[in-house]
Amino acid sequence: MFEPIAYQAAAVTRLSQALIAIAWFVATIGVAFTHFGRALNLGFVGAIVFGFAAACTNSRGLAALPTKVVVRALGLGVLAFVIPALAQGLGLRMWLSVGRGCLALAWLTLFLGLGGENAKPALAWAAVALLGVNLLLAISNVWFWGGFDAFEHLQHEYAAGAPRFRGLANTPAPAGVWALASVGLVEALPQPRLRWVGRALGLFEACASLSIALLAIPALLVALVPQRWLRWPLVGCATTLAAAVLYFQPLELSAGRRSMAVSRELPEYWSGGLGPTYMPQATIGTPSLAVRGHVTAYGKLAFRGLTCFAEHPLFGVGPGRFRDACRVMAMNTFGEWSDQRDSHNQLGGMLSELGIIGLVLLSLAWFVGREGYRFTALTGWQRAVWVGLLVCSLGSEDLLTLPVLALLASQLAPRTPSPTQVIA
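Residues numbered from 1 in each chain as written. Predicted model: local features only at pLDDT ≥ 70, side-chain atom pairs only at ≥ 80, totals over all residues. Heavy atoms only, no water.

## Re the side chain of His156
And step 1. Within the secondary structure layout, His156 lies in the loop between β3 (151-152) and β4 (164-165).
And step 2. In this structure the side chain of His156 is engaged in a polar contact, spanning 3.3 Å, whose partner is the side chain of Thr333.
And step 3. Contacts of His156, omitting those with residues within four sequence positions, involve Arg164, Leu266, Thr333 and Phe334. (Helix = DSSP H or I, 4+ residues; strand = E, 2+ residues; numbered from the N terminus. Polar contact = N/O pair within 3.5 Å; in protein donor to acceptor, adjacent residues only side chain to side chain. Contact = heavy atoms within 4.5 Å.)

And the structure:
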C-alpha cells in the first residue's frame, strides 16, 4: 500500500527538479534594465519565480532540510550582507544589492532542499539546452530581425573590432561564465559522447565570448593533467598569466634592437591627455627583452579594491557601493572614461564592500552549512571547471549568481540522506 505514496513522491520530486532546471535556464537569459541606478536582470527575476514554484511543488523536500544547520547558515549569510549595509546607511541602491545577495543564499538553500545532487540530470539537460540554443543563435544570427544580436560589435581594447559572442546573455562576460558552468553540469549525463559534445560546445562558446572566460581556458585545461605534482604548478602559472594579460595592456614587445607591436591603443586613450595622466605607459623587462604597456582598468579596479578595503577594513563600504565609494579614473576596454565602475573582481569587490566582518560571517555560514552537507566526488572535468571559474573571478562579478550556485549545489550531498532524496 506504500507504492502509490512512493510513486507520488517521486513524481513530485521530478516535477520540482524540472522546474528548477527551467529556473536555471531562465537565469542565464540576460535582459537587463536599470532600477534606481542599479542594473538588474529580468532572467534573475524569472528564475526566482520558477524556483518558488519548485519549492511549492516539493515542500516535503524543504521540510527534510537539516533545520538547525540551515537556519544558522542562512542567518550568518544574511548578516554578512546586512551588517555592512547597516554600518553604512540606508541607501536604496545598497539594499538592492543586499536583497540580491540574500536571494542568492535562498536559491542555494532551495537547491539543497530539493536535492541538488538528485537534480543533476535535469540540470545537465538544461545546460545542454543552453549550449544548443547558443549554437543556433550563432549560426542563424544573420537572419535575426529587430535589435537582437547574438554578438557584441564594439571596438575593444583587446579584441579590436572582432565580434564577441554573448548568445542569450546580455554581455559576453556572463556568457563565457555560463558556458563554463554548463561544462560542469553536463558531466552528470550518462552518455560519454554527449558529455564530450557538451565539453566541446562549452569551451568553444567560452572562447568565442573573447572575455575573461577565454583567459581561464588554459588554467582549466592544465587542471586536467592527471599528475598532481605537475597539475597545480601549471595551474598556478596559467592563472598568473591570465592575471597578467587581464591587468596589463601590452603595446610593444622589444627583443634587442627589434620591436613588434602587440596591440594598439584606442583613440580615446589620448583624448584630453587622460591616458598619460591616469594610465601612464611603462616599460617592463631587461634591455634585451622588454614589453611596453600600461595597467588596464581591470588592474586599477583590482588594486583599488584592496586599497579601499584598507581604508574601510571592518565593515567595508557596504554592498553595491564600490562604484560610489571606491572611485578610480580609468578607461575601460571600450574606450569609455569614468571614475565610477563596479569592481569587476570577486576578491577586491567583496573585501571592499563587506569588510572583515562581512567576510568572516560569510565564511562561517559556509563552514556551518558544511556540517550538514559534503562534496560528492568530483570528476576531473568538474574540478577543472571550478579552476576555470576561479580564474574568472579575477575579472568577473558573475560567480555568486544563480547558474554557478546551482552548479555548487548539484555537487553537495546531505551527510544524512532524507527520505525524499532516497525516493528520488
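## A look at the packing of aromatic side chains
And step 1. Considering all chains together, one arrives at 6 aromatic pairs under this definition.
And step 2. Judged by centre distance (5.4 Å) and plane angle (65°), the ring pair of Phe151 and Phe165 falls under edge-to-face. Here Phe151 is found in strand β3, whereas its partner Phe165 is found in strand β4, with 14 residues between them in sequence.
And step 3. Aromatic side chains Tyr278 and Trp337 sit 6.5 Å apart centroid to centroid with 55° between the ring planes, which places their arrangement in the tilted category. Separated by 59 residues along the polypeptide, Tyr278 in helix α11 (residues 274-278) and Trp337 in strand β10 (residues 337-338) bring together distant segments of the chain.
And step 4. On the accessibility criterion, Trp337 (19% relative accessible area) is buried. (Phe/Tyr/Trp six-rings, centres within 6.5 Å; stacked < 30°, edge-to-face > 60°. Buried < 20%, exposed > 50% of the residue type's maximum accessible area, 1.4 Å probe, protein only.)

## Observations regarding the sheet that holds strand β5 (residues 248-255)
And step 1. Read from one edge of the open sheet, 4 strands run β6-β5-β8-β7, paired in antiparallel fashion. If you trace the sheet from one side to the other, it starts and ends with β6 (258-261) and β7 (282-285), each paired once. The average undirected angle you get between the axes of adjacent strands in this sheet is 30°.
And step 2. Pairing of β7 with strand β8 (residues 289-295) involves 4 bridges; the strand directions are antiparallel. Bridged to Ala282 within β8 is Gly293. (Pairing = 2+ DSSP bridges. Axes fitted to C-alpha atoms, helices over the stretch in contact; angles between N-to-C directions.)

## Observations regarding helix α4 (residues 67-88)
And step 1. The terminal C-alpha atoms of α4 lie 32 Å apart, and with 22 residues this matches the ideal 32 Å at 1.5 Å per residue to within 8%.
And step 2. At Leu79, α4 shows its largest kink, close to 30°.
And step 3. All of the buried residues along α4 are Val69, Val70, Ala73, Leu76, Gly77, Ala80, Phe81, Val82, Pro84 and Ala85.
And step 4. In this structure, the buried side of α4 is in contact with α5 (92-113) and α14 (346-369). (Expected span 1.5 Å × (residues − 1). Bend = angle between axes of the 7 residues up to and from the residue.)

## Quick look at the layout of surface pockets
And step 1. Roughly 170 Å³ of internal volume is contained in the second largest pocket.
And step 2. Lining the second largest pocket are 10 residues, and of these Gly51, Phe52, Ala106, Trp107 and Leu110 sit closest to its centre.
And step 3. By residue class, the composition of the lining of the second largest pocket is 8 nonpolar, 2 polar and no charged. (1 Å grid on protein atoms, 1.4 Å probe; cavity = no way out; pocket = protein on both sides within 12 Å on 5 of 7 lines; lining within 4 Å. Points joined across faces, edges and corners; volume = space filled by probe spheres on them. Nonpolar A, V, L, I, M, F, W, Y, C, P; charged D, E, K, R; others polar.)

## Concerning empty space enclosed by the protein
And step 1. Under the counting rule described, the total for this entry stands at 3 cavities of 30 Å³ or more.
And step 2. One number sums up the size of the largest cavity: a volume of about 50 Å³.
And step 3. Forming the boundary of the largest cavity are Lys120, Leu123, Gly184, Leu185, Ala188, Gln382, Leu407, Ser410 and Gln411.

## Some thoughts on the environment of Ile22
And step 1. Here Ile22 lies in helix α1 (residues 3-27).
And step 2. With a relative accessible area of 38%, Ile22 lands in the partly exposed category.
And step 3. Here the alpha-carbon distance between Ile22 and Gly184, two residues 162 residues apart in the chain, equals 17 Å.

## Focus: helix α2 (residues 42-57)
And step 1. With 16 residues, α2 extends 23 Å from end C-alpha to end C-alpha; this agrees with the ideal 22 Å at 1.5 Å per step.
And step 2. Turning to α2, its buried residues are Gly43, Phe44, Gly46, Ala47, Gly51, Ala54 and Ala55.

## Some details on unusual backbone geometry
And step 1. Residues other than glycine seldom take positive phi values, yet Leu210 does so here, at roughly 50°.
And step 2. Within the secondary structure, Leu210 is located in the loop between α8 (192-208) and α9 (212-222).
And step 3. On the basis of relative accessible area, Leu210 is assigned to the partly exposed category, the value being 29%.
And step 4. Phi angles above zero are rare outside glycine, and His344 is one such case at about 50°.
And step 5. Summarising the element assignment, His344 is placed in the loop between β10 and α14.

## Considering the environment of Ser209
And step 1. When you line up the elements, Ser209 lands in the loop between α8 and α9.
And step 2. For the pair formed by Ser209 and Phe151, sequence separation is 58 residues and the distance between their alpha carbons is 8.4 Å.
And step 3. Leaving out residues up to four positions away in the same chain, Ser209 has contacts with Arg164, Phe165, Pro172 and Gly176.

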